[in-house]
Amino acid sequence: TAEWNFSIKDYIVRVQAADILARLDPSDPLHVDFAVAVLNHLLKTHLDQRFDVKFTQTIEHRKQIRLWSSLHLLIPFIPAHLSTHYTTLLLTAIDVEMIVSTRYYIEWALMRVLLSYPTKENLGVVWERLGEFEGKAHVVSSLLGVVMHVGVKMGEGQVEFYDKLFTTVLPWTTSNHFTIRLFAQYALHKAVEYCRHHPHLTPVLTSHPHITATARFISTNTECARHRAKCDQAYFMGGGFDPVEDVNLEFLYRGALAVAGVAEDERISAMAFEKVNPAPGRRIPLRHPTKGRDKWTQDSTITLARLTGRIPDSTDTSHPTAKKPSYESTAPVQKKIVPWEIMMESDIDLSMDREDQAKKRRHPLVVVASLVSKAPNLGGLCRTCEIFGAELLVVSNLKIREDQTFQTTAVTAHHWMPILEVKEPGLESYLLDQKRRGYALLGIEQATTSVSLETFEFPEKCVLVLGKEKEGIPVPLLPLLDYILEIPQYGVVRSLNVHVSGALIVWEYTKQRVAKGGGVEAK
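Residues numbered from 1 in each chain as written. Predicted model: local features only at pLDDT ≥ 70, side-chain atom pairs only at ≥ 80, totals over all residues. Heavy atoms only, no water.

## A look at the overall build of the protein chain
Along its length, the protein chain carries 21 helices and seven strands. Relative to all contacts within the protein chain whose residues are 6 or more apart in sequence, the contacts with residues 24 or more apart total 75%. Taken as a whole, the protein chain presents about 25,200 Å² of accessible surface, with 55% of it coming from carbon and sulfur. (Helix = DSSP H or I, 4+ residues; strand = E, 2+ residues; numbered from the N terminus. Contact = heavy atoms within 4.5 Å. Areas by Shrake-Rupley, 256 points an atom, 1.4 Å probe, with all protein chains shown as cover.)

## Concerning the confidence of the model for the protein chain
Any segment with low pLDDT has predicted coordinates that should not be analysed in fine detail. Considering every residue of the protein chain, the mean pLDDT works out to 84; 83% of them sit at 70 or more. Here residues 1-7 is a poorly scored stretch, pLDDT under 50, and it has 21 contacts once near neighbours within four places are set aside; other chains count. Predicted confidence is poor over residues 333-358, with pLDDT under 50, and the contacts of this stretch with residues over four places away or in other chains come to 65 contacts. (pLDDT = per-residue confidence, 0-100.)

## Points about the pattern of salt bridges
Tallied over the entire structure, the rule returns 25 salt bridges. A salt bridge links Asp95 to Lys136; the shortest N-O distance between them is 3.3 Å. Of this pair, Asp95 sits in helix α4 (residues 83-96) while Lys136 sits in the loop between α6 (120-130) and α7 (137-153); the two residues are 41 residues apart in sequence, bridging distant segments of the chain. Note that Lys468 is salt-bridged to Glu424, the shortest N-O span being 3.3 Å. (Salt bridge = Lys/Arg side-chain N within 4 Å of Asp/Glu carboxyl O.)

## Let's talk about the sheet that holds strand β2 (residues 390-395)
Strand order in the open sheet made by the seven strands is β3-β2-β1-β6-β4-β7-β5, with parallel pairing throughout. In the strand order of this sheet, the two ends are held by β3 (419-421) and β5 (451-452), each with one partner. The pairing of β5 with strand β7 (residues 483-486) spans two bridges and is parallel. Directly across from Val451, in β7, lies its bridge partner Leu485. Across the sheet, helix α18 (residues 375-387) is in contact with β1 (363-368), β2 and β3; its angle to β2 comes to roughly 165°. Running at roughly 170° to β1, helix α21 (residues 498-515) makes contact with β1, β4 (440-444), β6 (462-465) and β7 of the sheet. (Pairing = 2+ DSSP bridges. Axes fitted to C-alpha atoms, helices over the stretch in contact; angles between N-to-C directions.)

## Overview of the nonpolar core
In terms of nonpolar packing, the biggest core is built from 94 residues, with Trp68, Leu130, Phe161, Tyr162, Leu165 and Phe166 touching the most fellow members. Looking at this core, the element that brings in the most residues is helix α9 (residues 178-196), giving eleven residues. In contact with Leu165, not counting residues within four places along its chain, are Trp127, Val147, Leu170 and Ala191. By size, the runner-up hydrophobic cluster in this structure holds 32 residues, among which are Val372, Leu453, Ile487 and Val498. (Core = buried A, V, L, I, M, F, W, Y, C linked by side-chain atoms within 4.5 Å. Buried < 20%, exposed > 50% of the residue type's maximum accessible area, 1.4 Å probe, protein only.)

## Structural notes on the packing of aromatic side chains
In total, this model carries 19 aromatic pairs according to the counting rule given. When the centroid spacing of 5.4 Å and the interplanar angle of 40° are considered together, the rings of Tyr235 and Phe251 count as tilted. You can see Tyr235 sitting in the loop between α12 (222-233) and α13 (249-260) and its partner Phe251 sitting in helix α13, a full 16 residues away along the chain. Here Phe251 falls in the buried class, since its relative accessible area comes to 1%. (Phe/Tyr/Trp six-rings, centres within 6.5 Å; stacked < 30°, edge-to-face > 60°.)

## Focus: a nonpolar patch on the surface
Side chains of Leu496, Val500 and Leu504 sit close together on the surface and give an oily, nonpolar patch of about 210 Å² of accessible area. By secondary structure assignment, the location of Leu504 is in helix α21. Residue Leu504 is classed as partly exposed on the basis of its relative accessible area of 35%. (Patch = residues over 30% accessible without salt bridge, like charges linked within 9 Å, V, L, I, M, F, W, Y side chains within 5 Å.)

## Some remarks on the side chain of Gln407
Within the secondary structure, Gln407 is located in helix α19 (residues 404-410). Look at Gln407 and you get buried, because its relative accessible area is 11%.

## Regarding the environment of Arg216
Relative to the helices and strands, Arg216 resides in helix α11 (residues 209-220). Exposure remark for Arg216: the relative accessible area of 49% places this residue in the partly exposed category.

## Considerations on α6
Of all the residues in α6, the buried ones are Asn122, Leu123, Val125, Val126, Trp127 and Leu130. Packed against the buried residues of α6 are α4, α5 (100-116), α7 and α8 (158-169).

## Let's talk about the environment of Val146
In this structure, Val146 sits in helix α7. Non-local contacts of Val146, meaning those with residues more than four positions away in its chain, are made with Glu107, Leu110, Met111 and Leu114.

## With respect to the pairing of β7
Bridge count between β4 and β7: three bridges; the pairing is parallel. What sits directly across from Ile444, in β7, is Leu485.

## A word on α4
The end-to-end C-alpha distance of α4, which contains 14 residues, comes to 20 Å, matching closely the 20 Å that a straight helix rising 1.5 Å per residue would cover. Among the residues making up α4, those that are buried are Ser83, Tyr86, Thr87, Leu90, Leu91, Ala93 and Ile94. All buried residues of α4 project into a common sector of 155° when viewed along the axis, lining one side. (Expected span 1.5 Å × (residues − 1). Arc of directions from axis to C-beta.)

## Side note on unusual backbone geometry
At Val411, a residue that is not glycine, the phi angle is positive and equals roughly 50°. The topology assignment puts Val411 in the loop between α19 and β3. At Lys470, a residue that is not glycine, the phi angle is positive and equals roughly 75°. Topologically, Lys470 is positioned in the loop between β6 and β7. The exposure class of Lys470 is exposed, given its relative accessible area of 86%.

## Topic: the side chain of His46
Note on placement: His46 falls in helix α2 (residues 29-47). Here His46 falls in the buried class, since its relative accessible area comes to 5%. Beyond its immediate stretch of four places on either side in the chain, His46 contacts Gln64, Leu67, Trp68, Ala93, Val96, Glu97, Thr102 and Ile106.

## What about the packing of α18 against α21?
Contact geometry of α18 with α21 gives a least axis separation of 9 Å together with a crossing angle of 15°. As judged from the angle between their axes, α18 and α21 are roughly parallel. Here the hand of the crossing between α18 and α21 comes out right-handed. Contact residues: Asn377, Gly380, Leu381 and Thr384 in α18; Val498, His499, Gly502, Ala503 and Val506 in α21. Taken together, the residues of the contact of α18 with α21 sort by class into four nonpolar, five polar and no charged. (Parallel < 35°, antiparallel > 145°, perpendicular 65-115°, else oblique. Left-handed = near helix turned anticlockwise from the far one by under 90°. Nonpolar A, V, L, I, M, F, W, Y, C, P; charged D, E, K, R; others polar.)

Quick look at the structure:
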């Protein structure tokens, strides 16, 4: 949380910062003061809606996840006399947050506060909100999950808790809102099953015969059973989540993100903490000692073998689900994907690898895409330019990097590819400046003076100007170009997508540079 850059350096800083928070001592007054100050700052940042998140996987969304994973390390420092205050703040945080993956963390934080301080006042605040029948759908759904998980982990006071749960949750099982109705029925079903298996809670069921009848319907009805099966598969509902046992660094920074579908390069494994600081003394365990990760970890045996030089067998405790495959020595192995989760499970030192690659000498090729407007095309161009080591990608607005479609197509290339903003009105001036610096200006267009890509020999320093989707390069810019290239076409359709055209030119340029011995080292 110390930095908001998205790179390997930032990854290491995040691990170091989280490690510091995990080592704070609740018995040290200075540590307590510091922890509460940071906790309050993080909560205020969220409640002030500093991160306006509209889509997942954006920079703002990642900031939210970082904030809440860090905040979880500080929950044990909440003073008892302020627990109701923080309960109310967490309820407000749920109220203002619409992104599901972020709400998982907030709901979990609320569960932990309620389990640490299960006072009548704290629980009363939750029951009051859950009893507001005009409440927001996402708030009601969140609170149904909260009370479902809190009940099974409570010590004293379970009888009173379940008595209140049944009377409060039952009305929501008839809601017209499908999600609320589904969550309420699931929570009621789980609560009844729990009470049946714990004799001290039998009197609660006896005092609520209508609950038993409703639960019988929910458990036997075909449609209810089908929807309940979906909840059983959702980790944070019935798929294995435990608000107490899951409080470990690996799940906070990796498992929860994997369950929520947050991008791989945002996750931090327990091994990363061990590499950064192997010394003992963390207040929060690195991993759960016995609980398996098979519900939220997808292992890649092939990739792991390539990274570590070994095939994990069934006794490999770091990969409980891996089985020894029978590969022939000549079998082709896909090697293009290097998941961060797998990388952090290996012994490879990642601290500077991608940073070093990003700083390597690039080809003197600038791709100008200021006239391209569609996010998929820009994301694809970013990915192509990064892969082939182009010097620079020029776009009309740097905010495109925050677009979800762009990020999906770029596949993290925007973290490593140098990108410059030049808006269309300033494009002519920029091109002329590049020409003065010795760059040849190239364009892709079907024109009377076009040169076939098959016979064109690229100058060493080039600026490739891409035109607008459908319209091409504006007429006023054509006289500035030193060369206009045309890609030979042999089909009926006489046009190529701008990303495809750009990719073909970038590859042809790269191929010629490599053939002449001027290419950068390939990976």
